[in-house]
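Below, each chain spelled out in residue letters.
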2 protein chains.
Amino acid sequence: MLSKKTKYGLKALSFLATLEDRQPVQIAEIAKHENISQKFLESILLTLRKSGLLGSKKGKGGGYYLIKDPKDILMTDVMRILEGPIALVPCVSLNFYEKCEDCPDEASCSVHKLMLQVRDSALTVYRHNTLADLIK
Amino acid sequence: MLSKKTKYGLKALSFLATLEDRQPVQIAEIAKHENISQKFLESILLTLRKSGLLGSKKGKGGGYYLIKDPKDILMTDVMRILEGPIALVPCVSLNFYEKCEDCPDEASCSVHKLMLQVRDSALTVYRHNTLADLIK
DNA sequence: TATTATCCTATCGATTTGATAGAGTATGCA
DNA sequence: TGCATACTCTATCAAATCGATAGGATAATA
C-alpha cells in the first residue's frame, strides 16, 4: 500500500507543477487545495526540499516552489524519496539492498525470482513518467 | 513492502510444488525446511487451505498438500489471498476497490493516473507466473 | 521591531505485524 | 476402545509503523 505521505507528496508536487510561474506557494494553500492536514504536509514538503526537489522561502511571501522543470522530475526519484524502496523485498532492491537472513540462496529463491520481475515492471513505469506526464 | 506472511506463504507453496507426490507434508517439516516460525506458518497454511489452494489431513500421516497442479496456480490468486490488493491504492484496485475520500475526481488525479499504470504492470507479471514457473 | 511563514523536534493514539500459547477436534492405529 | 498425532481455532502480546498534532526556533520581509 502506498503511504499517505507519498500520496500527499505526489499531490502537492502535481499541484505546484500545474502553476504557470514558479512563485512560492504557502503550505496552507497547498493543504487546502488538496484536502490535506497542514501539519502533516509540512513534514512532507520539508522532506522534498531536503532531497532537492523543492525550494523554499521563509517569511512574508514565502512558501515552496519547484526547482526543476516538471518534465525533468522522474517518478523513480520521487518514489524513492517519499516511499523508499521500489522493490517489495530488500533482496531485490537496487538502492536499498539487504540480504534476507532466512534465505540461504537468492538464485534458487522463488520469492526472489517473482519479486525481481515485479520490481522491473514497476521501475519501467516510474522511469517513463515525469511529473509533467502526471498533470497532462 | 511484502509482508512476511506472503513471503512465507509463497515459500511454503513452492516447497510443496517441488515434491513429486502430493502426499501430506507436516507443518513442522515445511517450517524447518524454510526457516519459518512453525506457529506463524500454521496460520498461513490455514489461510491457504480456506481459500482453496491447499488441502489438509489431520492425525498421523497428516499435513498439507497442493490441491491443484502448480502450473494451474496463478500468482494473481496467491497474492490476493496472502497480501490482499495488488494495487497500491484502493481507488485503482480491481478486487478491493474503494473511493478516496479526499479526492474529488479520479480522472484528474495524478496519483490515480500513475498508480493505474503500476497496477497494470504488476498484474501482467502475476498473470504470467504460475507456481510452476517459480520453481523452475 | 513586528509580522509572517518555514524549520525542527518531540510526542501520541491507533493500527498492523509477526509471533506465541494453549485448548479443541479429527484421524489413524494398536 | 483408547491413545498418540497433527491440524484447528481463538486469544493475546510486544514491537513497529503510521498519520497526525503541538509548540517553539529561525529567517525574511516591511
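Note that residues are indexed from 1 along each chain, following the sequence as it is written. For this description, chains carry letters from A and ligands carry numbers from 1, given in the order in which they are written. Since the coordinates come from a predicted model, pLDDT governs what is reported: local features require at least 70, and pairs of side-chain atoms require 80 or more to be given and counted, while whole-chain, interface and lining totals use all residues. To get the side-chain values, take all heavy atoms of the structure and skip hydrogens and water.

The name that an unreviewed UniProt entry assigns to chain A is Rrf2 family transcriptional regulator, with the source organism given as Maribacter aquimaris.

Caption draft 1: View of the overall build of chain A. Helix numbering and strand numbering both begin at the N terminus, where a helix is a DSSP run of H or I of at least 4 residues and a strand a DSSP run of E of at least 2. Secondary structure assignment for chain A yields 6 helices and 2 strands. Counting from the amino terminus, helix and strand elements in chain A follow one another as α-α-α-β-β-α-α-α. A principal-axis box enclosing the C-alpha atoms of chain A has dimensions of 60 × 30 × 25 Å. Every one of the 136 residues in chain A was classed for burial, and the buried ones make up 48%. Contacts are assigned to residue pairs that have any heavy atoms within 4.5 Å of one another. For chain A, the share of sequence-separated contacts (at least 6 apart) that also reach a separation of at least 24 residues comes to 58%. In this scheme, a residue with accessible area under 20% of its type's maximum is buried, one over 50% is exposed, and one in between is partly exposed, where area comes from a 1.4 Å probe on protein chains only.

Caption draft 2: Spotlight on the protein's contact with DNA strand C. Note on terminology: near, applied to a residue and a molecule or strand, indicates that one of the residue's heavy atoms is within 4 Å of it. Around DNA strand C sit 25 residues, and of these Gln26, Arg49, Ser56 and Tyr64 of chain A together with Lys39 of chain B come closest. Sugar plus phosphate, as a fraction of atoms of DNA strand C within 4 Å of the protein: 72%. Taking Ile27 of chain A, its main chain carries an N or O atom lying 2.8 Å from a phosphate oxygen of DNA strand C. One nitrogen or oxygen atom from the side chain of Ser56 of chain A is found 2.6 Å from a phosphate oxygen belonging to DNA strand C. Looking at the surface near DNA strand C, the elements that each hand over two or more residues are helix H3 (38-50), strand S1 (54-57) and strand S2 (63-66) of chain A together with helix H1 (4-18) and helix H3 (38-50) of chain B. At 5 residues, H3 of chain A tops the list of elements feeding residues into the surface near DNA strand C. Three classes are used, and their members are as follows: Ala, Val, Leu, Ile, Met, Phe, Trp, Tyr, Cys and Pro are nonpolar, Asp, Glu, Lys and Arg are charged, and the others, Gly among them, are polar. Grouping the constituent residues of the surface near DNA strand C by class yields 5 nonpolar, 7 polar and 13 charged. Pairs of N or O atoms within 3.5 Å make up the polar contacts considered here, provided that, within protein, one atom can donate a hydrogen while the other can accept it, and that residues adjacent in sequence are counted only when both atoms are side-chain atoms.

Caption draft 3: Quick peek at the interface of chain A and chain B. On the side of chain B, 37 residues touch chain A, which itself brings 37 residues to the contact. As used here, buried area is the combined drop in accessible area, with a 1.4 Å probe, of two parts when they are placed together. Of the roughly 3,100 Å² buried where chain A meets chain B, counting both sides, 62% is carbon and sulfur surface. A per-residue breakdown of the area chain A buries against chain B is headed by Met1, Asp102 and Leu114 of chain A, which together make up 20% of the total. Whenever Lys or Arg places a side-chain nitrogen within 4 Å of a carboxyl oxygen from Asp or Glu, that contact is recorded as a salt bridge. Our enumeration of links across chain A and chain B arrives at 6 salt bridges. Residue Glu101 of chain A pairs with Lys4 of chain B through a salt bridge whose shortest N-O separation is 4.0 Å. The interface formed by chain A and chain B includes 17 residue pairs in polar contact (both at pLDDT 80 or more). Looking at the side of chain A that touches chain B, the elements that each hand over two or more residues are helix H1 (4-18), helix H4 (75-82), helix H5 (110-127) and helix H6 (131-134) of chain A. At 11 residues, H5 of chain A tops the list of elements feeding residues into the side of chain A that touches chain B. Of the residues assigned to the side of chain A that touches chain B, the class counts are 23 nonpolar, 6 polar and 8 charged.

Caption draft 4: Examining helix H5 (residues 110-127) of chain B more closely. By this rule the span expected of a helix is its residue count minus one, scaled by 1.5 Å. In a regular helix each residue adds 1.5 Å, so 18 residues correspond to 26 Å; H5 of chain B covers 26 Å between its end C-alpha atoms and thus fits that length. When H5 of chain B is considered as a whole, its buried residues turn out to be Ser110, Val111, His112, Leu114, Met115, Val118, Arg119, Ser121, Ala122, Leu123, Val125 and Tyr126 of chain B. Against H1, H4, H5 and H6 of chain A together with helix H4 (75-82) of chain B lie the buried residues of H5 of chain B.

Caption draft 5: Seen up close, the protein's contact with DNA strand D. Contacts to DNA strand D come from 25 residues, most closely from Lys39 of chain A together with Gln26, Glu42, Arg49 and Tyr64 of chain B. Near-protein atoms of DNA strand D (within 4 Å) split between backbone and bases, with sugar and phosphate holding 72%. Lys57 of chain A has a polar side-chain atom sitting 3.3 Å from a phosphate oxygen of DNA strand D. Contact distances for DNA strand D include 3.3 Å between a base nitrogen and a side-chain N or O atom of Glu42 of chain B. Breaking the surface near DNA strand D down by element, the ones donating at least two residues are H1 and H3 of chain A together with H3, strand S1 (54-57) and strand S2 (63-66) of chain B.

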